[in-house]
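Spelled out, the chains give:
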Amino acid sequence: QVKLEESGGGLVQPGGSLRLSCAASERNIRNYNIGWFRQAPGSERDFVAAIRRSGGYTYYADSVKGRFTISRDYAKNTVYLQMDSLKSEATAVYYCAAGQNILSAIRDSESYRHWGQGTQVTVSS
């Protein structure tokens, strides 16, 4: 069982930045694809970004491409989501997830087996 814990959420003004962290209990996090998803009130859980276990290839939702960056630090068993130029529509609970899913499903939340509890991000002036 992989345990994930998100941190780094908070209140930020439009145009600001936040860095979310996803700390994993599993030393072999490198065996998993890691995804970030977000869910706003009354909405479905949407794909934000993912980093592939082999090769470290990254994938982004069109809405965040060029503004968000996913990265990983195996020494710290942690995956990060750097969010820049934040917009109000980014307000949501952000979740990280781990899975040994196939590449074609890397944007599909149902293909991830392990989830964190989420961290709230609020973008407001």
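Described below are features of the structure shown in this document. (Residues numbered from 1 in each chain as written. Predicted model: local features only at pLDDT ≥ 70, side-chain atom pairs only at ≥ 80, totals over all residues. Heavy atoms only, no water.)

In this section: the overall build of the protein chain. From N to C terminus, the protein chain includes 0 helices and 11 strands. Listing each helix as α and each strand as β along the protein chain from the N terminus yields β-β-β-β-β-β-β-β-β-β-β. On C-alpha atoms alone, the protein chain measures out to a radius of gyration of 13 Å, which is about the 14 Å that the 2.2 N^0.38 rule sets for 125 residues. A principal-axis box enclosing the C-alpha atoms of the protein chain has dimensions of 40 × 30 × 25 Å. Put simply, the protein chain has 125 residues, and 44% of those count as buried. Excluding contacts between residues fewer than 6 apart, the proportion of contacts in the protein chain whose partners are at least 24 apart in sequence is 57%. Within the structure as shown, the protein chain displays about 6,600 Å² of accessible surface, and the carbon and sulfur contribution to it stands at 41%. With 15 positive and 11 negative side-chain charges, the protein chain shows a spacing of 7 Å between the two charge centroids. (Helix = DSSP H or I, 4+ residues; strand = E, 2+ residues; numbered from the N terminus. Rg over C-alpha atoms; globule rule 2.2 N^0.38 Å. Buried < 20%, exposed > 50% of the residue type's maximum accessible area, 1.4 Å probe, protein only. Contact = heavy atoms within 4.5 Å. Areas by Shrake-Rupley, 256 points an atom, 1.4 Å probe, with all protein chains shown as cover. Lys, Arg positive; Asp, Glu negative; His and termini not counted. Charge placed at Lys NZ, Arg CZ, Asp CG, Glu CD.)

Grouped together as the largest cluster of nonpolar side chains are 37 residues, with contacts concentrated most on Trp 36, Leu 81, Met 83 and Tyr 94. Broken down by secondary-structure element, the contributors of at least two residues to this core are strand S3 (18-24), strand S4 (33-39), strand S5 (45-51), strand S6 (58-60), strand S7 (68-73), strand S8 (78-83), strand S9 (92-99) and strand S11 (119-123). (Core = buried A, V, L, I, M, F, W, Y, C linked by side-chain atoms within 4.5 Å.)

Evaluated as defined, the whole model comprises 1 cavity of 30 Å³ or more. Of the pockets and cavities examined, the largest cavity occupies roughly 40 Å³. Considered class by class, the residues forming the lining of the largest cavity number 6 nonpolar, no polar and 2 charged. (1 Å grid on protein atoms, 1.4 Å probe; cavity = no way out; pocket = protein on both sides within 12 Å on 5 of 7 lines; lining within 4 Å. Points joined across faces, edges and corners; volume = space filled by probe spheres on them. Nonpolar A, V, L, I, M, F, W, Y, C, P; charged D, E, K, R; others polar.)

So, about the pattern of salt bridges. Applying the stated rule across the entire model yields 1 salt bridge. Salt-bridge contacts for Lys 65 lead to Asp 62; the nearest nitrogen and oxygen are separated by 3.3 Å. Each member of the pair Lys 65 and Asp 62 is classed as exposed. (Salt bridge = Lys/Arg side-chain N within 4 Å of Asp/Glu carboxyl O.)

Honestly, that's just the spatial picture; any functional story needs more than this.
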